[in-house]
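Listed below, chain by chain, are the residues.
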Amino acid sequence: MTTAPAQQPPQQRWLWHHARDLGDNPGVINRELSKRLAAGRDRRLTQLADAATRWGGHVPDDPGITELADLLETAAADTPDPPGDPGHTARPGAPGHPAKALLAGAVENLRAAARLGGHLPAVTLWHLQRAIDQEHTAHQQTVPAQRQGRT
């Protein structure tokens, strides 16, 4: 049990407010959280680089968020509409294909993450994860179309 500051000897009073365990130290907690957020950001960027490669993009060695957004934007523009898709008659500039719309959403999330920079790492991670989820769903929607084209 810890005694109140007034009951402690004078030389210990000034230490009473200090953390007794490094895990209670806000500086240590912030540093650990920052490390985890940075690692999560790096993992998500690697996943998005793999996704851009899967869509045919040429990913540089150390891509930034904006570069990945540009690659996925190109992939969205290059995604063909499935045969017989009503998207062929859609107004110009409309996505017309669910994969295009999902990739466009992923690009929007990447651009939002790029605008945040390092200011709000947790929010940046949310946008990166959202982009990964949208790309993954877009990819899953194109796989059946690719299989039909081979048969």
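Residues numbered from 1 in each chain as written. Predicted model: local features only at pLDDT ≥ 70, side-chain atom pairs only at ≥ 80, totals over all residues. Heavy atoms only, no water.

1. A look at the overall build of the protein
Under the convention used in this document: Numbered from the N terminus, helices here are DSSP runs of H or I no shorter than four residues, and strands are runs of E no shorter than two. Buried residues are those whose accessible area, probed at 1.4 Å on protein chains only, stays under 20% of the maximum for their type, while exposed residues exceed 50% and partly exposed ones sit between those limits. Working rule for contacts: check all heavy atoms of both residues, and any pair within 4.5 Å makes them a contact.
Looking only at helices and strands, the protein has five helices and zero strands in total. N-terminal to C-terminal, the α/β element order of the protein is α-α-α-α-α. Looking at the protein as a whole, 29% of its 151 residues qualify as buried. Taking as baseline every contact in the protein between residues at least 6 positions apart, the subset at least 24 positions apart corresponds to 52%.

2. Looking at the side chain of His127
With respect to the element layout, His127 can be found in helix H5 (residues 121-150). Discounting residues that sit within four places of it in the chain, His127 has contacts with Asn109, Ala112, Ala113 and Leu116.

3. Describing the environment of Arg44
Of note, Arg44 is situated in helix H2 (residues 26-54). Along the backbone, Arg44 and Ala131 are 87 residues apart, and their C-alpha atoms lie at a distance of 9.3 Å. For Arg44, the residues in contact, after removing those within four places along its chain, are Leu125, Leu128, Gln129 and Ile132.

4. Comments concerning helix H4 (residues 98-116)
Operational definition: Residue count minus one, scaled by 1.5 Å, sets the expected span of a helix.
The end-to-end C-alpha distance of H4, which contains 19 residues, comes to 27 Å, matching closely the 27 Å that a straight helix rising 1.5 Å per residue would cover. Those residues of H4 that fall on the buried side of the exposure criterion are Ala99, Lys100, Leu103, Gly105, Ala106, Val107, Asn109, Leu110, Ala112 and Ala113. Directly beyond the C-terminal end of H4, a positive phi value near 60 degrees is found at Gly117.

5. Focus: a negative patch on the surface
Threshold: Only residues whose relative accessible area exceeds 30% and that form no salt bridge enter a patch; like-charged residues are grouped when within 9 Å of one another, and nonpolar side chains (Val, Leu, Ile, Met, Phe, Trp, Tyr) when within 5 Å. All accessible-area figures derive from a Shrake-Rupley calculation using a 1.4 Å probe, and residue coverage is judged against the displayed protein chains alone. What counts as a salt bridge is simple: a side-chain nitrogen of Lys or Arg found within 4 Å of a carboxyl oxygen of Asp or Glu. All tallies of charge rest on Lys and Arg as positive and Asp and Glu as negative; His and the ends of each chain are not included. For the purpose of locating charges, the reference atoms are NZ of Lys, CZ of Arg, CG of Asp and CD of Glu.
On the surface, Asp42, Asp61, Asp62 and Glu67 cluster together to form a negatively charged patch. Along the chain, Asp61 falls in the loop between H2 and helix H3 (65-78).

6. Let's talk about the pattern of salt bridges
Scanning all chains against the criterion turns up four salt bridges. The closest approach of N and O atoms between Arg54 and Glu135, which form a salt bridge, is 2.8 Å. You can see Arg54 sitting in helix H2 and its partner Glu135 sitting in helix H5, a full 81 residues away along the chain. You can call Arg54 partly exposed: its relative accessible area is 43%.

7. Re the environment of Leu45
Within the element layout of this structure, Leu45 appears in helix H2. C-alpha of Leu45 to C-alpha of Ile65: the two residues are 20 residues apart in sequence and 7.3 Å apart in space. Apart from the residues within four sequence positions on either side, Leu45 is in contact with Ile65, Leu68 and Leu128.

8. A few points about the packing of H2 against H3
Using the following cut-off: Between N-to-C directions, angles cover 0 to 180 degrees, with each direction set by a line fitted to C-alpha atoms, over the stretch in contact for helices. The scheme is simple: roughly parallel for angles under 35 degrees, roughly antiparallel for over 145, roughly perpendicular for 65 to 115, oblique for anything else. When the near helix sits turned anticlockwise from the far one by under a right angle, the crossing is termed left-handed; a clockwise turn instead gives a right-handed crossing.
Remark: H2 packs on H3, axes separated minimally by 10 Å, with the N-to-C direction vectors making an angle of 25 degrees. Viewed along their axes, H2 and H3 adopt a mutual orientation that is roughly parallel. Both H2 and H3 take part in a crossing whose hand is left-handed. Within the contact between the two elements, H2 uses Arg41, Leu45, Leu48, Ala49 and Ala52 and H3 uses Ile65, Leu68, Leu71 and Leu72.

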